[in-house]
Amino acid sequence: MIKSITKHSAALLAGASALCFGSAALADGHGLDLTGETVEWIIPFSETGGSARWANFYAPLLSEALPGNPTVVVTFMPGAGSTTGANHFQGLEYEDGTTIFGSSGSTQFPYLLDDPRVRYEYGDWNVVLASGTGGVVYLPADLGAALESGGVEALMDENFIYGSQGATRLDLVPLLAWEMLGLDVEPVFGIEGRGDGRLMFERGEANIDYQTSSSFLSGVTPLVEAGTAVPWFTFGALDADGNIVRDPTFPDMPSFAEVCEAAASCETSGPSWDAWVAFFTAGFPAQKMVFLPAGAPQAAIDTYTAAFDAVLARDDFAEISATRLGVYPQMTGDAAQVALESATEVPEEATTFVIEWLADRYGVVLQ
Amino acid sequence: MDLFATAMPALSEAFGMILQIHVMGYLILGVVMGLCIGVFPGLGGIAGLSLLLPFMFGMEPLTGLALMVGMVAVVPTSDTFASVLMGIPGSSASQATVLDGFPLAKKGQAARALSAAFASSLFGGVLGATFLTFFILAARPIVLLFQTPELLMVTIFGLSMVGILAGRVAIKGIVAAGLGLLIGTIGEGSSAGALRMSTFDTPYLMDGLKLVIVGLAIFAIPEIIALLRQDKAISDRQVLGGGWAEGIKDWWANKWLSVRCSLIGVAVGVIPGLGGSVVDWIAYGHTVQTAKDRSQFGKGDIRGVIGPESSNNAKEGGGLVPTLLFGIPGSGSMAIFISGVALLGTGQIEVGPSMINNNLNFTYAIVWLLALANVVGTIICIIASGGIARLTNIRFALLAPFLFMIIAFAAFQSRQSIWDLVALFGIGILGIMMRRFDWSRPAFLIGFVLASPAERYTNQAFQIARSRFRRSFEEGIDYIFSPIVIVLIIITLLSIVVGLRQAKNIQAEGDVNSGGKRAPLIFLLLVTGYIGLAYWNAAAIPDYAMMDRVFPVFVATVALIGCAVLLIQMRLVPETNPLFADREVEDKELNTHGLWPTMAWFAALLVATALFGFILALAGFLFCFIRFRAGKSVQFAGIYTAVGIAFICAMAASLNRDFPPGLLQSFVDLPWPLT
């Protein structure tokens, strides 16, 4: 499929320099020099998803920040819910630092749930960037009013319909949250993206929905202003000690922890809470990560880390990223490593709980 | 009027924005790039926009929009070349154009067909934009009226077009559609993730087959093979001089048909979730149903070109409504368009619910850039059509390897796996057999395209309706039988009745004589066998994943009944009956080469690719084919091969794509493009 050694544009064809084996040498041991190289950024999804948007945002910035200003191209390798691309990346050996991989929550979840298609191991890879995000749950105006006056108890008799992409995807986090609150939510599966879920909500067919932060800002805020949607809670964010606190992008909204605590039916301890926290941590605070392949030398990791640091340190970064990424931590170095660990090292009990819950509740068997 | 009060200032502002030299310059650049990519079958807006995306970051919004819109707008125009000249659908938007466009080209009227198509495209594009200018302000509530039951009914209406395209034996058409539906359900079910006709060990099939591959395989491969076997040019007549003026006259004579089909295009494009892949079939069906003399459809009726081509450009305009107003992409290329827009400038244009209130001027700029791009693209295409139409006079043996190279490359873009080529080849054989035995390929394709929405909307509507009924009976009934649904049911029933009554006249596959009994029977048994296998496979899905079982089981049951009826009829009727149509018998005198030796060339390319990688295999294939099959000199073959390889490498390099590797590449590291 994709080999990373040499990959040039028209110049290569014109010239006779067709044979140029791994020419990106380590310049005086301090880092990579990628002058004239093409960095291939593999995204295991199609051109149309959120990961594509994230990678397209970073690619030109990364190109400016890497030594030698290589061309950074995003290569899409969709298939089997991103496991095809991840398995492919697992098979690559580090060669010259011109191949990187962008994973997402949808790559993490099958890994945690022992999906038989997973042949990759996060522990082998080298993380150089971790991008977080959050999620917001919202309701139609009438149910929002009922919640306002009667609390969660007022929603117990409602038949909720939710447009879902599948119980084993990121939707697992809201579905488990609603179940813990005691809501009767029936997921309607088979929608193709969260945008379709929002449309189903707007049409009045679904009466509960969630969106990731950036989609909430662009897609749901106008509905809130028009009075047809009411935000309920965010999933929250992790503080430095790993506690769930309010989402910094939406400081006025309660976090799920607060909502759960206030509800009689829900407890912020016990196996289901632990499982929820584990999968929330895996899915949102470090949703998208950039990796170098197995066997990358420290110099290469340092070069990429420095490049992403330089991107994050741009004067205009806050401005240009606000609408595309939301206000979330973009982590490099040790912080990224910690994020990776908390996202991929889920306690055995949490995994077991979720696998059993998926089987009991939705008949999903991952074999 | 309120509407005008809001629209007019923004509209004039939008024109002020568009009509600047540099904006027009970028628009023309985008159009030219779009034409260059769209001309090749299988490559369209997605490939083109991916090419532009890296340049969008921080670009001045208006110029960036001009570039992207120019690119997207002309794909449904330029894809007509392949559909008319080669009988290969240039993209999913012009599949129906093949039915009448290609027979016209065979008659030496390619230029006429092309210019009629371009005139219709232009008209459809501009009419779509005009309509949108006013409609877009009122569109939001109307789009929201289309809930899941309405979407399901639109899908069923699309499926009812099978009726008119079923061919001479209606049941064969229905079985063909059933087969298409079943092949469309291969892979992970959308409701519970149950696997149909695939396992965890066949990851390629788990994601299902992609339309690019099935479309090319079912139309392009059979046509290429058939033309190759006859070993002459596509048209043995000289191209008519000045044919393009005639085409424009044809369009003018059918202007009302063009208006109606444009409106169909806009309307279907506006509805999110269906995408544009059926709009050309619906327009074609409408064209046939409203025509008085139907005897020439499928054999080269110019109206069969005008209808679909009017609709497919108008659809792009309609598709802007869900894209801009809801942030829901109506198609793959629109999805990339959205992410491109987010990269422009400082990101101030935000596609979605706030677009109309905050950026009405940009909304109008996009709508009219689209219309302008249509005008520019059409002019370029009409100028080029006379020259390009001469391709039909070239001996096909010289054209075929090149075409096959492009198709294989396009198919490989689907998943970048060697299995893409295997799927192309495998379904290509099915296409060849369907063509041979006069099974309706359009019916098959409509089934394939609509399999996923039909299943999804059925399951979702069922689930939501169940929840409504739990609340109260009235609420449930109101949900299922809304006024829109009732109107759609009536239209669908009319369409089926009219369609079945007329189906005998419309031969999507042209005239085919009957031959012996044995070969058609064997093919029918094979089809029945696959359907039976699909039934057995789906029926084994356990109860907890029932939602993924119901649809394939239902379709397979209907198709099996059809197969049984056909088998019984085959026993009873004589072998001159249309049931036993066999093109092999009819074309015996025309074919200078056998089917299997011709197929063997392509099978050899596939096997060689698996061993040595695509580029090495292709070089060998091109050289040997030109030298031995086409009988040219070694020098000629050498130059042909060099040009072909250089071309495909330049294309892959500019799109930044790789080629399928083979066994060799897993042992030796080779430089690009041999990787």
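What you see as residue numbers is a count from 1 along each chain, following the sequence as written. All chains are assigned letters beginning with A, and all ligands numbers beginning with 1, in the order in which they are written. In keeping with the predicted nature of the model, local features appear solely for residues at pLDDT of at least 70, side-chain atom pairs appear and are counted solely at 80 or more, and the whole-chain, interface and lining totals rest on all residues. To get the side-chain values, take all heavy atoms of the structure and skip hydrogens and water.

Peer 1: Sorry if this is basic, but what is going on with the overall build of chain B here?
Peer 2: Broken down by element type, chain B carries 29 helices and two strands. The dimensions of chain B, computed from C-alpha atoms along their principal axes, are 70 × 65 × 55 Å. By the burial criterion, 63% of the 675 residues in chain B qualify as buried. Throughout, a contact is declared for two residues whenever any of their heavy atoms are within 4.5 Å. Considering only intrachain contacts with a sequence separation of at least 6, the fraction spanning at least 24 residues in chain B is 81%. For chain B, the accessible area works out to roughly 23,400 Å², and carbon and sulfur atoms hold 70% of it. Positive charges are assigned to Lys and Arg, negative charges to Asp and Glu, while His and the chain termini are left out of the count. Working definition for charges: the position is that of NZ of Lys, CZ of Arg, CG of Asp or CD of Glu. The average position of the 42 basic charges and that of the 38 acidic charges among the side chains of chain B differ by 8 Å. Going along the chain from the N terminus, every DSSP run of H or I of four or more residues is numbered as a helix, and every run of E of two or more is numbered as a strand. Working definition: with a 1.4 Å probe on protein chains only, accessible area under 20% of the residue-type maximum means buried, over 50% means exposed, and in between means partly exposed. Throughout, the Shrake-Rupley method with a 1.4 Å probe supplies accessible areas, and for residues the shown protein chains are the sole cover considered.

Peer 1: How do you make sense of the overall build of chain A when you look at a structure like this?
Peer 2: Secondary structure assignment for chain A yields 14 helices and 15 strands. For this measure, only C-alpha atoms enter the radius of gyration; the expected value for a globule follows 2.2 Å times N^0.38, where N is the number of residues. On C-alpha atoms alone, chain A measures out to a radius of gyration of 22 Å, which is about the 21 Å that the 2.2 N^0.38 rule sets for 367 residues. Sorting the 367 residues of chain A into buried and exposed places 60% on the buried side. For chain A, contacts bridging at least 24 residues in sequence account for 76% of all contacts bridging at least 6. Per element, the accessible surface of chain A, about 13,200 Å² overall, is 51% carbon and sulfur. A distance of 10 Å separates the average location of the 14 positive side-chain charges in chain A from that of its 48 negative side-chain charges.

Peer 1: What is the right way to look at a negative patch on the surface in this model?
Peer 2: Residues and elements named next belong to chain A. Negative charge collects at one region of the surface, where D114, D274, E348 and E349 lie side by side. Checked against the element boundaries, E349 lands in helix α14 (residues 348-362). You can call E349 exposed: its relative accessible area is 60%. Only residues whose relative accessible area exceeds 30% and that form no salt bridge enter a patch; like-charged residues are grouped when within 9 Å of one another, and nonpolar side chains (Val, Leu, Ile, Met, Phe, Trp, Tyr) when within 5 Å. For salt bridges, the criterion is a side-chain nitrogen of Lys or Arg within 4 Å of an Asp or Glu carboxyl oxygen.

Peer 1: It is not clear to me how the interface of chain A and chain B should be interpreted in this structure. Could you clarify?
Peer 2: Interface size is commonly expressed as the accessible surface area that is lost when the partners come together. Facing 65 residues of chain A, the contacting portion of chain B comprises 62 residues. Summed over both sides, the interface between chain A and chain B buries roughly 5,400 Å², with carbon and sulfur atoms accounting for 53% of that surface. On inspection of chain A and its partner chain B, the count reaches five salt bridges. Between E202 of chain A and R140 of chain B there is a salt bridge, with the nearest N and O atoms lying 2.2 Å from each other. A 3.5 Å cut-off defines polar contacts: any pair of N or O atoms within that distance qualifies, except that in protein one atom must be a possible hydrogen donor and the other a possible acceptor, and neighbouring residues in sequence count only when both atoms are side-chain atoms. Counting across the chain A and chain B interface gives 13 residue pairs in polar contact (both at pLDDT 80 or more). The set of elements that each furnish at least two residues to the side of chain A that touches chain B consists of α1 (10-14), α2 (50-65), β4 (71-76), β8 (159-164), β9 (184-189), α7 (194-202), α8 (213-226) and α12 (317-325) of chain A. Ranked by residue count, the leading element in the side of chain A that touches chain B is α7 of chain A, at six residues. Charged residues are taken to be Asp, Glu, Lys and Arg, nonpolar residues to be Ala, Val, Leu, Ile, Met, Phe, Trp, Tyr, Cys and Pro, and polar residues to be all remaining types, Gly included. The class makeup of the residues in the side of chain A that touches chain B is 30 nonpolar, 17 polar and 18 charged. Once two parts are put together, the accessible area they lose, assessed with a 1.4 Å probe and summed over both, is termed the buried area.

Peer 1: Would you mind going over the sheet that holds strand β7 (residues 135-140) of chain A with me for this structure?
Peer 2: The strands making up a sheet are joined through hydrogen bonds of the backbone, oriented either antiparallel or parallel. Residues and elements named next belong to chain A. One open sheet accounts for three strands, arranged β10-β7-β11; its pairing is antiparallel. Both outer strands of the open sheet, β10 (209-212) and β11 (229-234), are each paired with one neighbouring strand and no more. Taking the axes of each pair of neighbouring strands and ignoring which way they run, one obtains an average angle of 35 degrees across the sheet. As judged from the four bridges shared by β7 and β10, these two strands associate in the antiparallel manner. Residue Y138 lies in a different strand from β10, and its bridge partner there is D209. Strands pair, by our definition, only if DSSP identifies at least two bridges between them. With axes taken as lines fitted to C-alpha atoms, and helix axes fitted only over the stretch in contact, angles between N-to-C directions fall between 0 and 180 degrees.

Peer 1: Looking at this structure, I do not really get the packing of aromatic side chains. What am I missing?
Peer 2: Here a pair means two rings of Phe, Tyr or Trp (six-membered ring of Trp) with centres within 6.5 Å. Their orientation is stacked below 30 degrees between planes, edge-to-face above 60, and tilted elsewhere. Counted by the stated rule, this structure contains 56 aromatic pairs over all chains. Centroid distance F109 of chain A to F279 of chain A: 5.3 Å. Interplanar angle 85 degrees. Geometry classified as edge-to-face. With F109 of chain A in helix α4 (residues 105-112) and F279 of chain A in helix α10 (residues 271-283), the pair connects residues that are 170 residues apart, well separated along the chain. With respect to burial, F109 of chain A and F279 of chain A carry one shared label: buried. To sit over a ring, a charge needs its Lys NZ or Arg CZ within 6 Å of the ring centre and within 35 degrees of the ring normal. Above the ring of W252 of chain B, the side-chain terminus of K255 of chain B is found at 4.2 Å from the ring centroid. The aromatic ring of Y457 of chain B is capped on one face by R456 of chain B, whose charged end is 5.4 Å from the ring centroid.

Peer 1: Explanation requested: a nonpolar patch on the surface in the structure shown.
Peer 2: Residues and elements named next belong to chain B. A cluster of nonpolar residues, V607, L611, F612, L616, L663, F667 and V668, forms a patch on the protein surface that exposes about 670 Å² of accessible area. If you list the elements that add at least two residues to the nonpolar patch, you get α26 (595-612) and α29 (663-667). Here the nonpolar patch takes three residues from α26, the largest share from any one element. Looking at the secondary structure, you find V607 in helix α26.

Peer 1: So what exactly am I meant to see when it comes to the pairing of β9 of chain A here?
Peer 2: Residues and elements named next belong to chain A. In terms of burial, β9 is a largely internal element, five of the six residues being buried. Relative to β9, β8 runs parallel, the two sharing six bridges. Paired with F160 across the bridge in β9 is V185.

Peer 1: Would you explain the state of the cysteines in this entry?
Peer 2: Note: disulfide means a covalent bond formed between the sulfur atoms of two cysteine side chains. Note on terminology: disulfide denotes any pair of cysteine sulfur atoms within 2.5 Å. Throughout the structure, instances matching the rule amount to one disulfide over all chains. Paired through a disulfide, C260 of chain A and C266 of chain A show a sulfur-sulfur distance of 1.9 Å. Disulfide C260 of chain A to C266 of chain A: torsion about the S-S bond roughly -90 degrees, handedness left-handed. The thiol sulfur of C36 of chain B is not disulfide-bonded, and the nearest other cysteine sulfur, from C381 of chain B, lies at 10 Å.

Peer 1: Looking at this structure, how should I read the confidence of the model for chain B?
Peer 2: Low pLDDT marks regions whose predicted coordinates should not be analysed in detail. pLDDT expresses how confident the predictor is about each individual residue, on a scale running from 0 to 100. Per-residue confidence for chain B gives a mean pLDDT of 86; residues scoring 70 or more make up 95%. The complex prediction reports pTM at 0.87, with the ipTM value standing at 0.85.

Peer 1: Teacher, can you tell me more about the pairing of β8 of chain A here?
Peer 2: Strand residues, when the strand is regular, have side chains that alternate between the two faces of the sheet. Residue and element names in this part refer to chain A. Among the six residues in β8, six count as buried, and that is most of the element. Going residue by residue along β8, you find N159, I161 and G163 tucked away on one face and F160, Y162 and S164 tucked away on the opposite face as well. The crossover handedness rule: strands pointing away from the viewer, path from first strand over the helix to second strand clockwise, crossover right-handed. A crossover connection joins β8 to the parallel β9 through helix α6 (residues 172-181); in handedness this β-α-β unit is right-handed.

Peer 1: For this particular structure, what's the right way to read the sheet that holds strand β3 (residues 38-43) of chain A?
Peer 2: Residues and elements named next belong to chain A. Strand order in this open sheet of six strands is β4-β3-β5-β14-β6-β15, and the pairing throughout is mixed. A strand with exactly one partner marks an edge of an open sheet, and here the two such strands are β4 and β15 (330-331). Of the pairings in the sheet, the one linking strand β6 (residues 126-131) to β15 comprises two bridges and is antiparallel in character. Opposite S131, over in β15, you have Q330 as the bridge partner. Strand contacts of helix α11 (residues 298-312): β3, β5 (99-103), β6, β14 (288-292) and β15, with the helix running at about 15 degrees to β6, the strand carrying the most contacts. Its contacts with the sheet place helix α13 (residues 333-344) against β6, β14 and β15, and it is angled at close to 85 degrees to β6.

Peer 1: Could you clarify how one ought to interpret the pattern of salt bridges in this entry?
Peer 2: Opposite charge on two side chains permits pairing when their charged atoms draw close. Summed over the entire model, instances satisfying the criterion amount to 26 salt bridges over all chains. Across the pair D231 of chain B and R395 of chain B runs a salt bridge whose closest N-O atoms are separated by 3.3 Å. One end of the pair, D231 of chain B, is in the loop between α10 (211-230) and α11 (243-253); the other, R395 of chain B, is in the loop between α17 (360-389) and α18 (396-412), and 164 residues separate them in sequence. Put simply, D582 of chain B and R436 of chain B hold a salt bridge, and the shortest N to O gap is 3.0 Å. Of this pair, D582 of chain B sits in the loop between α24 (547-572) and α25 (583-586) while R436 of chain B sits in helix α19 (residues 418-436); the two residues are 146 residues apart in sequence, bridging distant segments of the chain. R436 of chain B carries the same exposure label as D582 of chain B, and that label is buried. Taken together, the salt bridges that share partners define one network made up of E64, R314 and D316 of chain A.

Peer 1: Before we go on, may I ask you to explain the nonpolar core in this structure?
Peer 2: Note on soluble globular proteins: their nonpolar side chains tend to be buried together. Think of a nonpolar core as a cluster: buried Ala, Val, Leu, Ile, Met, Phe, Trp, Tyr and Cys residues, connected wherever their side-chain atoms sit within 4.5 Å. Core analysis: the biggest nonpolar cluster contains 213 residues, and I224, F337 and W439 of chain B have the highest contact counts within it. Those residues in contact with I224 of chain B that sit more than four places away from it in its chain are I88, F396, A400, L403, F404, I407 and F602 of chain B. Residues A86, L92, A286 and F291 of chain A belong to the second largest nonpolar core, which totals 73 residues.

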